[in-house]
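Chain by chain, the residues run as shown.
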Amino acid sequence: MNRYRGVRTAVIVGAGIAGLTAATALARAGWQVEIAEVGPPKAPSGWGLCLTGPSLRALDEVGLADACLAEGYGMSTITHVDVDGEPAGEARLPRLIGARRPAMVGIGRPVVHRILLAEARRCGAVVRHGVTVTAVDHERELVRVRLSDGTVRQVALLVGADGIRSAVRSLLGLKASLDFHGQRVWRALVPRPRWATGIHQFAGKADTAGLVPLSDRQAYVFLTENRVERSVLPDAALAPRLRQLLEGFPGRVEEIRSLVAESASVVRRPVLTALLEGAWNRGNGVVIGDAAHAPAPQMASGAALAVEDGLVLARELARHESVERGLHAFVSRRAKRCRTLVETSVAIAGLEQARRHHEAYPLADSCHRLMAEPA
Ligand SMILES: Cc1cc2nc3c(=O)[nH]c(=O)nc-3n(C[C@H](O)[C@H](O)[C@H](O)COP(=O)(O)OP(=O)(O)OC[C@H]3O[C@@H](n4cnc5c(N)ncnc54)[C@H](O)[C@@H]3O)c2cc1C
C-alpha cells in the first residue's frame, strides 16, 4: 500500500547503475523524476562487469535480469587456481533467480547502462546530460536544487547517485572516508577462450589475475596489482605493462596473456573504497550507491548494492507517510549490509597484499553467502 501522499517530485544526480534503477523504481511508484548526469549522452565506454546473484535478483525485480542475461554471458562457477597452478577449489554460487537461470552474468558496462537507461526513460524519467548540481538548500519539506545550467528545482526528494566522489554528498555536508588500498586493478577486453565458461581466478606470487566471460565471443582479463603507489601510466604503456604483470603466473594465464592486444580496451584504476561515517541523508536529500558505500572491486558486488539501493529506496518511501520517515527506514535497512560488504572487500584487499590468498577465498565466499540473504 502507498502511504506517502505528499508531492512526488525527485531530482536524481547521476545516471549510473544506482541512479537509473532508483529512477525506474520511483517513476513506477508515481514519482516525477528528473536525472542530472554530468557526462555526455553516449553510454560510458570501458570494461565489463560481473553481476553476481544479488545484482541479478535485484534486476529481476525491475524486470531486467533476462535482458542482461540475453546480452551477457550467464555462468555459475568461480574456479580458483593456486600459485603453483594447481586447482584450489571451485565455488558454485547460489542461483538466486531460480535453478533454470545462472547464478551470475558477465556483461559489458555500456550494455548494462543502455538497458537501464532505456527502462528509466520508458517509465517516464527525464534524463538531462551535461548537467550537474551546484547548490542545495532545504526548505521545510522540500529541497531546492540549483543546476549548473542556472535552473532551479524545488522537489520533495534529492538523490545523490553520483559515484564515489559524490558532489551531492559534499553539498549535503555528509562525511565519508575515501581510502586508497595500495592496489590497482587492471581490466582488458579479449576474445573469450572456449574453456572459459565461468570465472577463473589465479593466485600469482605477487598479484591476482583472472578471466570473466562477457559473451560467446568476448571476455575480460582482470588483474589486481599489489603494493603500488598512485601513479599514472600513458595509454600506450598499458597493454605492454599488463602483459608483463601476467608473465609470472602459472598455467592458463600464459594463454590469456597472449590475448591482451595493443588496444584502447586496457584500463588501470586505483582500488578506492568509500564509506559514509554517519548519516546517509540530510533533510530530504540522500546519497545511494557508490556515493554512500563503494566497495573494492574484489567482491564484484558494488552493482548489486547500487541496484538494491534504488529498489529499497522507492519501496520505503511508499511505505511511509513522509519522505523523512521513508529515508530513515531506507537507511536503517541498508546501512549494515553495505558496511559489511565494504569492510569485507577491504579485508580481502589486505589479505591479497599480504599474499594470504587462501584466507581471502573463504572470506569472499562467506560474504557472497551473506549477500545472498534478501536485501
Ligand atoms: C575497475 C572496477 C571494476 C568493477 N567491477 C565490478 C564488477 O565486476 N561487479 C560489480 O558489481 N561492481 C563492480 N565495480 C563497482 C561498480 O562499478 C560500482 O559499485 C557501481 O558502478 C556503482 O554504481 P553507481 O551508480 O553508484 O556509481 P557510478 O557507476 O560511478 O555512476 C555515477 C554516475 O554519476 C555521474 N556523476 C558523477 N559526478 C556527477 C556530478 N557531480 N553530477 C552529475 N552526475 C555525476 C557519473 O558520470 C556516473 O554516470 C567495479 C568498480 C571498478 C572501479
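Here is a short report on the structure shown in this document.

Each value, and the rule that gives it
Residues numbered from 1 in each chain as written. Predicted model: local features only at pLDDT ≥ 70, side-chain atom pairs only at ≥ 80, totals over all residues. Heavy atoms only, no water. Near = heavy atom within 4 Å. Polar contact = N/O pair within 3.5 Å; in protein donor to acceptor, adjacent residues only side chain to side chain. Areas by Shrake-Rupley, 256 points an atom, 1.4 Å probe, with all protein chains shown as cover. Helix = DSSP H or I, 4+ residues; strand = E, 2+ residues; numbered from the N terminus. Expected span 1.5 Å × (residues − 1). Buried < 20%, exposed > 50% of the residue type's maximum accessible area, 1.4 Å probe, protein only. Contact = heavy atoms within 4.5 Å.

So, the site of the ligand
- Taken together, the neighbourhood of the ligand is formed by 30 residues, with Glu-37, Cys-50, Arg-109, Thr-132 and Asp-290 sitting nearest.
- Between the ligand and Ile-17, the relevant distance is 3.0 Å, taken from an oxygen atom to a main-chain nitrogen or oxygen of the residue.
- Contact distances for the ligand include 2.8 Å between an oxygen atom and a backbone N or O atom of Cys-50.
- For the ligand, whose free accessible area comes to 1000 Å², the fraction covered by protein is 82%.

As for helix 4 (residues 109-122)
- If you check helix 4, its first and last C-alpha atoms are 20 Å apart, about what 14 residues at 1.5 Å a residue would give, namely 20 Å.
- All of the buried residues in helix 4 are Val-111, Val-112, His-113, Ile-115, Leu-116, Leu-117, Glu-119 and Ala-120.
- The secondary structure elements touched by the buried residues of helix 4 are helix 1 (17-28), strand 3 (48-51), helix 2 (53-61), helix 3 (65-71), strand 7 (104-108) and strand 8 (126-129).
- Positive phi appears at Gly-124, one or two residues downstream of helix 4, with a value of about 110 degrees.

Section: the environment of His-293
- Looking at the secondary structure, you find His-293 in strand 20 (residues 293-294).
- Note on His-293: relative accessible area 1%, which makes it buried.
- Along the backbone, His-293 and Ala-274 are 19 residues apart, and their C-alpha atoms lie at a distance of 5.3 Å.
- With sequence-adjacent residues up to four places away left out, His-293 is seen in contact with Ala-274, Leu-275, Trp-280, Leu-305, Asp-309, Cys-338 and Val-342.
- In terms of polar contacts, His-293 uses its side chain to reach the side chain of Asp-309, at 2.7 Å.

What to know about the side chain of Arg-337
- Positionally, Arg-337 belongs in helix 9 (residues 323-353).
- Residues within four places of Arg-337 in sequence aside, it is in contact with Pro-54, Arg-57, Glu-308, Leu-370, Met-371, Glu-373, Pro-374 and Ala-375.

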